[in-house]
Amino acid sequence: MGLGTRNMPRSPSYLLPCVAALAFLSLTVLVLHKVDDFATQTKTVVGHNLQPTPWHLFPPKTFSEETRQARVYKILHCSYLACSGYTTKSYATERRRSASADAASQKCPEFFKWIRRDLEPWSRTGISKSHLREAREFAAFRVVIVGGRLFVDLYYACVQSRAMFTIWGLLQLLRRYPGMVPDVDIMFDCMDKPSINRTEHGSMPLPLFRYCTTKAHFDIPFPDWSFWGWPETNLNPWDEEFRDIKHGSQKMNWTRRWPRAFWKGNPDVGSPVRTELLNCNHSRKWGAQILRQDWSKEAKEGYEKSKLSNQCNYRYKIYAEGYAWSVSLKYILSCGSLALIISPQYEDFFSRGLIPKKNYWPISFSDLCPSIKYAVDWGNAHPSEATAIGKGGQDFMASLSMNRVYDYMFHLIKEYSKLQHFKPVRPSSALEVCSESLLCLADEKQRQLLEKSIAHPSPTPPCFL
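Here's what I pulled together on the structure shown here. All chains use their own residue numbering, which begins from 1 and follows the written sequence. Only residues with pLDDT of at least 70 are given local features in this predicted model, and only at 80 or more are side-chain atom pairs given and counted; all residues enter the totals for whole chains, interfaces and linings. To obtain the side-chain values, all non-hydrogen atoms of the structure were included, while hydrogens and water were left out.

**Structural notes on unusual backbone geometry**
Here is step 1 of the chain: The backbone of Asn-49 shows a phi angle near 60°, a positive value even though the residue is not glycine.
Here is step 2 of the chain: Working definition: helices are DSSP H or I runs of at least four residues, strands are E runs of at least two. Numbering for both runs from the N terminus. Within the fold, Asn-49 resides in the loop between helix H1 (15–40) and helix H2 (68–80).
Here is step 3 of the chain: With a 1.4 Å probe rolled over the protein chains alone, any residue whose accessible area is under 20% of its type maximum counts as buried; one over 50% counts as exposed, and the rest are partly exposed. For Asn-49, a relative accessible area of 37% puts it in the partly exposed group.
Here is step 4 of the chain: Positive phi values are uncommon outside glycine, yet Gln-160 reaches one of about 50°.
Here is step 5 of the chain: Turning to its location among the elements, Gln-160 is positioned in the loop between strand E2 (149–154) and helix H6 (162–176).
Here is step 6 of the chain: Classification of Gln-160 by relative accessible area gives partly exposed; the value is 34%.

Below, the structure is given as structure tokens:
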């Protein structure tokens, strides 16, 4: 008798789908974990996964307004996908279009001569990779431009939105002069005080870009972020802000303005000048009105009391340096009031073009309050001369349009690139940054200012040195 077929036990019909589902779920969790881990290692210009600069500490940035999933998506999308539409082909098209312009350029302003003086420490030795390796210790980020594309290697977070608006300015330079900006490798610090001391680094000057310098430092001054807007203080891009201030200054002629000196700002920034200035707050004794600026309160009240176009109703406006230089200088000069500048220690890229008693009135720090009183009394007794100096300051700022700001950036980068003893290449740790990626990362207020300051290809070449 033959053997019957043995009945083999069968797995339940639902077991295979369950195993597949469990495997898919495990794989999904693993992928999400890897994606999340990848996002936490990606640094962005708004400060994701970055610590504050150790040489100028400030509260670390938080992003609690976003869910974790939304933050991960934003970091990855903006950092790796937003620039994917940009190609060297479109760059070459813009280059040909710009090159077709045949209009003659004009001579650069006199203060552009400081570009070569700032770069003079490297005129004999040039700039090597060793220079940049040493300068990295003092930098918040590194900018590399290759073939009209911009790459950023982030080391530390910058306070507020400085990094975003500084890098945006460089991107707009590439848009304004497509095909003309040379390949370059730059170390940049976004905090206030210069750090490359001439005594300490005399044997090997380190090239470090920042917003200001002093006679005792090698730091190379570059236009500050606020030329493209400052969302934290409600300031518009420079051309628009200057027009508003000048318009506000025309509402009241000089003789009808309050015959005293005015300053409004934050004295609690470690500035000896501003601390001493508080002692001059007496309109009869010193001819000065000194007010504290509370930015938290101003933000809640919509910045109405801090609007710069409404602060031109004094004959004299005081400029006092803060922790280092202050961006307020350009706004003070724009009013057409007689600018009283207190013994500046720091220099930005344009302030070295100002001439005492032509564009401003110098004030002695060592004899601060009496010096302010003397200037006020002199101006009130010589209204025509005081008005002319005030107008000289305003005219100087009128000549510093964004066209000239871009020209300064262009020539500084061009002259710097001539000193490089190597061919710039994209660092492996750097990410490409484009206008789209910054707009992707920006919040609503930042995006409004960035879009207002978009540059277009220039119909004329840069001014000539």
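Picking up after the structure, the text goes on.
**With respect to the sheet that holds strand E6 (residues 258–265)**
Here is step 1 of the chain: Here, strands pair whenever DSSP counts at least two bridges between them. The strand order across the open sheet built from 5 strands is E7-E6-E8-E9-E10, with neighbouring strands paired in parallel fashion. Lying at the two open borders of the sheet, with one neighbouring strand each, are strand E7 (288–292) and strand E10 (361–363). Put simply, the sheet's adjacent strands are angled 25° from each other on average, direction ignored.
Here is step 2 of the chain: Pairing between strand E9 (residues 338–342) and E10: 3 bridges, direction parallel. Axis definition: a line fitted to C-alpha atoms, limited for helices to the stretch in contact. Angles are taken between N-to-C directions and run from 0 to 180 degrees.

**With respect to the state of the cysteines**
Here is step 1 of the chain: By definition, disulfides here are pairs of cysteine sulfur atoms that lie within 2.5 Å. All chains considered together, the criterion is met by 6 disulfides.
Here is step 2 of the chain: One disulfide bridge connects Cys-108 with Cys-463, the sulfur atoms lying 2.1 Å from each other. Between Cys-108 and Cys-463 the disulfide shows an S-S torsion of about 95°. By sign, it is right-handed. Linking Cys-108 in the loop between helix H3 (88–99) and helix H4 (114–119) with Cys-463 in the segment after helix H15 (444–452), this pair joins segments that are 355 residues apart in sequence. You'll find Cys-108 and Cys-463 in the same group, each marked buried.

**Describing the packing of aromatic side chains**
Here is step 1 of the chain: Note on ring pairs: Phe, Tyr and Trp rings are taken, using the six-membered ring of Trp, and paired if centres are within 6.5 Å. Classes follow the plane angle, with under 30 degrees stacked, over 60 edge-to-face and the rest tilted. In total, this model carries 32 aromatic pairs according to the counting rule given.
Here is step 2 of the chain: Ring geometry for Phe-111 and Phe-112: centres 5.1 Å apart, planes at 55°, overall tilted.
Here is step 3 of the chain: For Phe-111, a relative accessible area of 6% gives the class buried.
Here is step 4 of the chain: Ring centres of Trp-361 and Tyr-374 lie 6.5 Å apart, and the angle between their planes is 40°; this geometry places the pair in the tilted category. Pair noted here: Trp-361 is in strand E10 and Tyr-374 is in helix H11 (residues 368–381), with a separation of 13 residues, a long-range link.
Here is step 5 of the chain: Among the residues examined, Trp-361 registers a relative accessible area of 6% and is labelled buried.
Here is step 6 of the chain: Given a relative accessible area of 52%, Tyr-374 falls into the exposed group.
Here is step 7 of the chain: Here a set of aromatic residues connected by ring pairs shows up, and it is made of Phe-111, Phe-112, Phe-227, Trp-228, Trp-238, Phe-242, Tyr-331, Phe-349, Phe-350, Phe-396, Tyr-406 and Tyr-408.
Here is step 8 of the chain: Only when the NZ atom of a Lys or the CZ atom of an Arg is both within 6 Å of the ring centre and within 35 degrees of the ring normal do we say a charge sits over the ring. If you follow Arg-136 out to its NZ or CZ, it ends over the ring of Tyr-155, 3.8 Å from the centre.
Here is step 9 of the chain: Over the aromatic face of Phe-227 sits the side chain of Lys-330, whose NZ or CZ is 4.4 Å from the ring centroid.

**Quick word on the pattern of salt bridges**
For side chains bearing opposite charge, pairing can occur when the charged atoms are close.
Here is step 1 of the chain: Criterion for a salt bridge: a side-chain nitrogen of Lys or Arg within 4 Å of a carboxyl oxygen of Asp or Glu. Applying the stated rule across the entire model yields 18 salt bridges.
Here is step 2 of the chain: Measuring nitrogen to oxygen at the nearest pair gives 2.3 Å for the salt bridge that ties Asp-189 to Arg-210. Taken as a pair, Asp-189 in the loop between strand E3 (184–188) and strand E4 (209–210) and Arg-210 in strand E4 lie far apart in primary sequence, 21 residues in all. Per residue, the accessibility class of Asp-189 equals that of Arg-210, and both read buried.
Here is step 3 of the chain: For Asp-407, the salt bridge goes to Arg-404, with nearest N and O atoms at 2.6 Å.

**As for the side chain of Asp-118**
Here is step 1 of the chain: Locating Asp-118 in the fold gives a position in helix H4.
Here is step 2 of the chain: Classification of Asp-118 by relative accessible area gives buried; the value is 10%.
Here is step 3 of the chain: Two N or O atoms form a polar contact when they lie within 3.5 Å of each other; inside protein one atom must be a possible hydrogen donor and the other a possible acceptor, and for residues adjacent in sequence the pair counts only when both atoms belong to side chains. A distance of 2.8 Å separates a polar atom in the side chain of Asp-118 from a polar atom in the side chain of Arg-352.
Here is step 4 of the chain: Sequence-distant contacts of Asp-118, defined by excluding residues within four places in its chain, comprise Ile-220, Pro-221, Arg-352 and Tyr-408. Contacts are assigned to residue pairs with any non-hydrogen atoms lying within 4.5 Å of each other.

**Some points on the environment of Gly-265**
Here is step 1 of the chain: By the element assignment, Gly-265 lies in strand E6.
Here is step 2 of the chain: With 57 residues separating them along the chain, Gly-265 and Gly-322 place their C-alpha atoms 9.1 Å apart.
Here is step 3 of the chain: Sequence-distant contacts of Gly-265, that is, excluding residues within four places in its chain, are made with Leu-291, Arg-292 and Gln-293.

**Side note on the nonpolar core**
Here is step 1 of the chain: Counting 102 residues, the largest nonpolar core has Phe-141, Leu-150, Ile-167, Phe-227, Trp-228 and Phe-350 as the members making the most contacts within it.
Here is step 2 of the chain: Sequence-distant contacts of Phe-227, that is, excluding residues within four places in its chain, are made with Pro-237, Trp-238, Lys-330, Phe-349, Phe-350, Leu-400, Met-402 and Val-405.
Here is step 3 of the chain: In this structure, Trp-254, Val-273, Val-376 and Ala-386 belong to the second largest nonpolar core, which totals 25 residues. Here, the term nonpolar core denotes a set of buried Ala, Val, Leu, Ile, Met, Phe, Trp, Tyr and Cys residues that are joined through side-chain atoms within 4.5 Å.

**Details of the pairing of E2**
Here is step 1 of the chain: Among the 6 residues of E2, 5 are classified as buried, and the element is accordingly described as predominantly covered.
Here is step 2 of the chain: As paired elements, strand E1 (residues 141–146) and E2 share 6 bridges and run antiparallel to each other. Paired with Val-144 across the two strands is Phe-151, which belongs to E2.
Here is step 3 of the chain: The turn joining E1 and E2, which pair antiparallel and follow one another in sequence, is formed by 2 residues; a positive phi near 60° is taken by Gly-147.
Here is step 4 of the chain: The sheet contact formed by E2 and strand E11 (residues 431–433) spans 3 bridges and is antiparallel.

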